[in-house]
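# Survey of secondary and tertiary structure
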Amino acid sequence: MAPRGLSLEEKRTKLLEIFHESKDFYQLKELEKLGPKLKGIVSQTVKEVLQSLVDDGLVQGDKIGASNFFWSFPSQRGTIVQNRLDNAKETRGSHEAQLAELKTAIEHERALRPLSDSRAAALVQLTSMKKQLAALQIEIDAYGACDPVKVEEKRRAVTLAHEAAVRWTDNYSILLSHFTRQTGMDAQDIRRYLEIGDDYEDLF
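A brief structural summary. (Residues numbered from 1 in each chain as written. Predicted model: local features only at pLDDT ≥ 70, side-chain atom pairs only at ≥ 80, totals over all residues. Heavy atoms only, no water.)

## Thoughts on the nonpolar core
- With 14 residues, the main nonpolar core has Leu15, Phe19, Leu31, Leu50, Leu53 and Val59 as its most contacted residues.
- Of all the secondary structure elements, the ones that give two or more residues to this core are helix 1 (8-22) and helix 3 (46-55).
- Those residues in contact with Leu15 that lie beyond four places of it in its chain are Leu31, Ile41, Val46, Val49, Leu50 and Leu53. (Core = buried A, V, L, I, M, F, W, Y, C linked by side-chain atoms within 4.5 Å. Buried < 20%, exposed > 50% of the residue type's maximum accessible area, 1.4 Å probe, protein only. Helix = DSSP H or I, 4+ residues; strand = E, 2+ residues; numbered from the N terminus. Contact = heavy atoms within 4.5 Å.)

## Side note on the packing of aromatic side chains
- A complete count under the given rule lists three aromatic pairs for this structure.
- Between Phe19 and Tyr26, the ring centres sit 5.7 Å apart and the planes meet at 70°, which makes this aromatic pair edge-to-face. Across the pair, exposure class does not vary: Phe19 and Tyr26 are buried alike.
- Among the aromatic side chains, those forming a connected cluster through ring pairs are Phe25, Trp71 and Phe73. (Phe/Tyr/Trp six-rings, centres within 6.5 Å; stacked < 30°, edge-to-face > 60°.)

## A word on the pattern of salt bridges
- Taken as a whole, this structure holds five salt bridges when the rule is applied.
- Of the charged contacts, one joins Glu9 and Arg12 as a salt bridge, the two residues approaching to 3.4 Å between their closest N and O atoms. In this pair, Glu9 and Arg12 are both assigned in helix 1, three residues apart and thus about one turn of the helix distant.
- Salt-bridge contacts for Arg12 lead to Asp56; the nearest nitrogen and oxygen are separated by 2.9 Å. (Salt bridge = Lys/Arg side-chain N within 4 Å of Asp/Glu carboxyl O.)

Following this line, the structure appears as structure tokens:
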């Protein structure tokens, strides 16, 4: 079985060891040679690992002349960890202060609203009414198409359709009368030809 490659975190640790053990400065090309030789880090990954350490503040870098140099000392890591710990403590203290303020505000509001028998009964009634409201809403949703608003919308649509049908019936009667006067044809013959029943005008 082929040996398992190093994880990113293992590479970071081993690359830091090069700096901490030697307490020296290095250029990237030097680390790309020392990484595989001393710590088994693949040369092509040294640049990426180095950059991740720089981004985390564990390795410092600076350009001197035309070259970039990198360094890291054991004390740096301790300083960074201590700074993170101090920041965490500061954040925790801020959160604890906010929590204390909230607790004080809650106690103040409770003092302004003592839990009397009448208030307790009102709270019970409020809870009951909220449940009833939720149940009624579910019932209304179940009716769906029978919603009063929807029923009114459909009633209005039917009224408009009826008015349009009456209007077209009137138009038909006017045209039929005009056509019979102009041509002298019998209205019954025209109805029969157009396949219109005698009760057409009485549909509405």
